[in-house]
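# Structural description and commentary
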Amino acid sequence: MVLAELVQYVATGLLVGGVYALMSIGLALIFGVMRVVNFAQGDFMMLGMYLTYFYAMSGSVDPLLGAILTIPPFFALGWAVHRGLLARVTGGGDPQRQMDAQLILTLGLSLVITNATTMILSPTPLGIRTAYATQAFALGPVLLNQARSYAFAMALLLAAAVYVFLTRTDLGKALRASADDPEAASYQGIDVRAMHGLAFGTGIALVAAAGGLLATYYPIEPTVAGNFIVLMFVAVVLGGLGSIPGAFVGGLVIGLVQSLTLLVLPFQLQNTGVFIVFLLVLYLRPQGLFGRRARTV
Amino acid sequence: MRPLSRTLIVVLTLALATPALFIRPAPAAEDVKIALVAPLSGRWARQGQLKKMGAEMAIEEINSQGGIKALGGAKIVLREADAGDSVEKAVSAAQRVLTREKISAGIGSWLSSFTLGVTEVAERLQVPWLSLSYADSITERGFRYTFQTSPVSSLQAEQALDLVTDLARKNNRPIKKAGIVGDNTAASMFFYKPLREKLLAAKGIELVVDDVWTPPLADATAIVQKLRSGQPDIVFYGATNFPDSIQVLQKIKEFGVKSPIQGVGAWLVTPEYVKAVGKEVLDNIQTVVAAHPMKGQEELVKKFKQRTGEPFMTQDPLCTYAHVWLIKEAIEQAKSADPKAIRDALAKIDISSGPAVSAFYPSRVKFDERGRRVGATPLIVQWQDGEPFTVVPTAVATRPIVWHK
Amino acid sequence: MASRGRGWLAIVAVVAVGVALTLLVQERYHHRVLTLVFLWAAMGLAWNIISGYAGQISFGHQVFFGIGAYVTVLLVVKAGLTPWIGMGVAVAVAVLAAVLIGMPTFRLAGIYFGLATLAYPLIFRIVMDWLGYQEVAIPMKREQPGWFMQFNEPRSFDLLALGVLAATLVLSRVIETSRLGYRLRAIKENEQAAEAMGVDSFRCKMAAYMLSAAPAAVVGAVYIHAILFIVTPEAVFGLLVISQTLVVCLVGGSGTLWGPLVGAALMVPVSEILDTTVGDRLPGIQGVVYGAALMLIMLGAPEGLYWRVRHAFRARGGGEATRLAIVAPPAEDGAAAVPTETVLLEVRGVSKAFIGLQALSDISFDVREREILGVIGPNGAGKTTLFNVLNGFLVPDRGEVRFLGQAVTGLRPSALCRRGIGRTFQVPRTFQHLTVLENVMVGAFVRVGPVHVAASTARSALAKVGLADRADALPTGLTTLDLRLMELARCLATAPRLVLLDEPLAGLSGDGVAVMISVIRGVRTRGVTVVIIEHTMQALLRLADRLIVLDQGRRLAAGAPGQVTQDPAVIEAYLGKRWLARMAAR
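All figures in this text were calculated on a predicted structure; none of them were measured in a lab.

## A closer look at the overall build of chain C
Helix and strand counts for chain C stand at 24 helices and 12 strands. Dimensions of chain C, computed from the C-alpha atoms along their principal axes, are close to 95 × 55 × 40 Å. At a minimum sequence separation of 6, the contacts of chain C that also span at least 24 residues come to 74%. Accessible surface computed for chain C: about 21000 Å², of which carbon and sulfur atoms make up 59%.

This is the structure we're talking about:
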């Protein structure tokens, strides 16, 4: 294996992983604060892709900018979904049952969103044609697709912004407090329910933006969520459920695993590498790379 | 008391549900009914809709020309059923449409797994079925009611290879290295198999790239990288899943891969490709198909474009159009709308002219004992200026082939 | 729970209704819907065994469905083997797969288990595609159709599916009314408490998983032969199967036989009707309806329709029994109330550290037979941690514990329970949805197998603590005292030699304390050794023969109460001079 080729594989994996990373941060934030695994995460991403397409077609907005513009409406959408649906699920009072019930709720939501979109919008895959989708930066023998490189850079920026928000601002600290210990947080005067809404809204906004970035090089169709939701779960578990930097690293690792698996396994088994890593992490280190609590019986 | 109330609940629920089971359809008329089971919704809706357009065009022609003479001018009516996006839905649709009314014959269902399922139903219910699917498996089950008009994938592989090696030699660029790139859907796999196992070796061609993936494809870089370094003289390309295919084609442009692309199937011939990747990327890409408008069919194509507003006519509407006419011929010969009689007529049929053979090359429809069209030969279609043209065989080509740089 | 005879009668009634429908329904397509109702109900019941009864929610149960389909069909294709036998092989493969999947995956708790189960069907899908089995069609066998499950008459498929449903109903019923059923429910309610009551949760979950895999495989095999005719990885390992299963079980109600029946009878026809009528104009309407159904159920009736309706019936039905005064059990004094010299439990040099905290440091002491040993100390001294080590919930970093002369360090709680160490918890851990009697029966099952024997053992345990009259109540209606007495009875039902009582007097009023003390004394009189953590010093002084004092993880003092309470180190660390003054003033 020539070194240049290996570097190409690694570079490809990282570029792909960058967008996975952004997708996964939203999921990690939601789980970290609310202890809810949002099965509908991929579907919101798909909606974000469509909105970016709409911006591109009607306003000639470059999808990289369009991705940023999905953030406000999707934040509002996420907030509304939390208020209207998730917050109303109590599971009969028992916290464990409540978590299970919220999980099933998001599963139902996922089914509704995917199928309703299929009903309303055309199922034909759409694409945003940008010049940079088919051009590459050449770093020696290594080619870096331009669209993916820009998407990677944007993903890093957004992730950094989230990180700064969580660690440097008061609101961010309140959010983290609600994640750590909701009871103590409420004694401090923090409206935990509002924090949950904030977390959900932010999580949805992030994944919608990730969808917008994805749309620079990936075709848009109602069923696209299915291709990514499991990768997101794997990334988040790998990083440690609830850890934002962990989810980011997890996304990058998944991209790398996908790419490097091709060195050892036939193409057809590409994603099995990802699932095997998933299972290994769950068995050997279920708290993931950055997680805190061990979760074995 | 408790188990009793439980039973009550269950019985009540079952009872509530049962009236739904008794919904009866409206009684049918004297027309001859033909079923079309194809994806009319979901991700393959476009292909199904195109088939429907072809069928409707044929039905309108037949009915306006006096209907079925042998049955006193009986009209043909289309009964469509949506195969959706899963085998379940396809089989369910077939069951529904074939049991609700007396269906004389059926057509469909585009995706080979759907066709396999639907023909199982048709065989059990003894209704003759016409399919344009390529997979060899469709007519390897010993069925009596399934008729496959397209040349099967393994045969296409052999004939396509002969065609391209010939062309390459004539253009002084003999093929020494080949690549196989595509997904592992059944029709594609049936094509690759004979290539890998004997055909390429028989011609002394080295297989330098052999990368088959399970859809969806995460990233095309690794594959196209291999093409870049292996530099095959021809690439057999079977990416039937549209998003995967877009990624690969864009990456090929990006990496500047020059190898000629030989597609494997009609999925590469849809207007969406032009919108998605643009004319330049598609230029000179060719693909082997079972049917495409040939020389002499300009009237037909014009009519189709006027009726539907489609930019060009492709395999799906063309074959379906021909299939409807073929059924009409079979009914005329059988002098009956009974499915068994039609089946027998199709088994014996041998025609070489008329709209019923319009989609087929060579222009002859006769089926062997397995239900395969005798002498079926594929065509090669090439993208030129954002439109696909039949280029091989030259006898029926609508434009000459542009062999590659 | 249910009166056994009438439960079986109800199953027979359901099957009879099924047969009647089979005969009444005319159209072929309607038969298909009926077959689907039976099959999905059976699949729901299969899922219910592991996810409803045992509470381990699996998002990957379709892996067994798919194995059933593929193995059966591949055997027909490759070996010409009749699916009637092929199904049996498929079941064996599915059960083996359950073992292989369960072994690593059951070590994961809660949501991690669910997420892990997602991976397996996805792996199978990819592997099946890779192996070249993208589309496997069943070869048509015209000569012996029945032998190959290829019936022409749709009613035959209805009956076949009904047979599968009936068998799964019977299986579920047998589990429900068996020891395994009680244990699974206990695990679902509170896994740790179940472990402490001698339920080996790993083995029980594994048994449930294997039992849930078998019917799923059969459903998969029949589904292909009756409905689909060809097998694709997407169709049998895909999302549709698990969504269907979840909808059927969650809408109907999980944890019961009847839930999946209700769910299937309701949702399957609804979805098929929608598909037929508006399916082409509104593609995906089925998915929308299923998704909406799941959401509505979670918002409005998360336990499922069956339970919601049943609770409505129940609430109107019997009123709450009036609260009788608690009767203190007969006190038996005498010779049996004296500790012997035999050492029952030896603790040697036990240390346990958590990140940043040395919870226990080099703890050593003995517990003698029939003594009441009190463990006291300030908050955070490590008392509960000590119990967790003795009970098997924690493994010490160093040191050894010997019980009845045998080393028991590191054994799981259920194993320790079986050897004779029982435990109650600081905050009572009850099995909320089981009655008091059933709670105690879980403990009894450590020693006995048959349900009726366990019931009578439980009753006598309840009598020993004076709760006999509350046997059919639910824990939610009990006072703190009753809850603690129930926990104690449950512990006693395991026939322990030694019990660890963690703050049994916490939250009790004066009267309650008196009752509890008398009960504890009664426990010792019957020959059970007691180790008790308490904060209420006065009570402990009345009760304990000896005391051990812990402070910051170390043993500070040990000995007779009078001695220990005078120890200046103990006063300094825990009791305080004022307490001493108050005691002296009495």
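## Examining the side chain of T385(C)
Inspection of the secondary structure assignment puts T385(C) in helix 15 (residues 383-391). Ignoring any residue separated from it by four or fewer positions in sequence, one finds T385(C) in contact with K352(C), F354(C), A359(C), L360(C) and L394(C).

## Observations concerning the pairing of strand 6 (residues 398-403) of chain C
Residues and elements named next belong to chain C. Here 5 bridges tie strand 3 (residues 343-354) to strand 6, and the two strands are oriented antiparallel to one another. Its bridge partner lying in strand 6, V347 is registered against V401. Linking strand 6 back to strand 7 (residues 406-407) in an antiparallel pair, the connection comprises 2 residues, with L404 at a positive phi of about 50 degrees.

## Focus on the domain arrangement of chain C
Residue and element names in this part refer to chain C. Domain annotation of chain C identifies domain 1 (10-238) and domain 2 (335-420 + 496-585). Each of domain 1 and domain 2 was reduced to a C-alpha centroid, and the two centroids are 49 Å apart. Between domain 1 and domain 2, the contact holds 9 residues from the first and 7 residues from the second. Across the domain 1/domain 2 interface, buried area totals approximately 620 Å², and carbon plus sulfur atoms make up 53% of it. Among the residues domain 1 hides against domain 2, the three largest losses belong to E195, A196 and G198. Together they make up 60% of the total. Linking domain 1 to domain 2 there are 3 salt bridges. The salt bridge partner of R412 is D200, with a shortest N-O separation of 3.7 Å. Elements with a contribution of two residues or more to the side of domain 1 that touches domain 2: helix 8 (191-196) and helix 9 (201-228). Ranked by the residues each element gives to the side of domain 1 that touches domain 2, the list is headed by helix 8, at 3 residues.

About the criteria used
- Residues numbered from 1 in each chain as written.
- Chains lettered and ligands numbered in written order.
- Predicted model: local features only at pLDDT ≥ 70, side-chain atom pairs only at ≥ 80, totals over all residues.
- Heavy atoms only, no water.
- Helix = DSSP H or I, 4+ residues; strand = E, 2+ residues; numbered from the N terminus.
- Contact = heavy atoms within 4.5 Å.
- Areas by Shrake-Rupley, 256 points an atom, 1.4 Å probe, with all protein chains shown as cover.
- Pairing = 2+ DSSP bridges.
- Domains from an automatic or database assignment.
- Buried area = accessible area lost by both parts, 1.4 Å probe.
- Salt bridge = Lys/Arg side-chain N within 4 Å of Asp/Glu carboxyl O.

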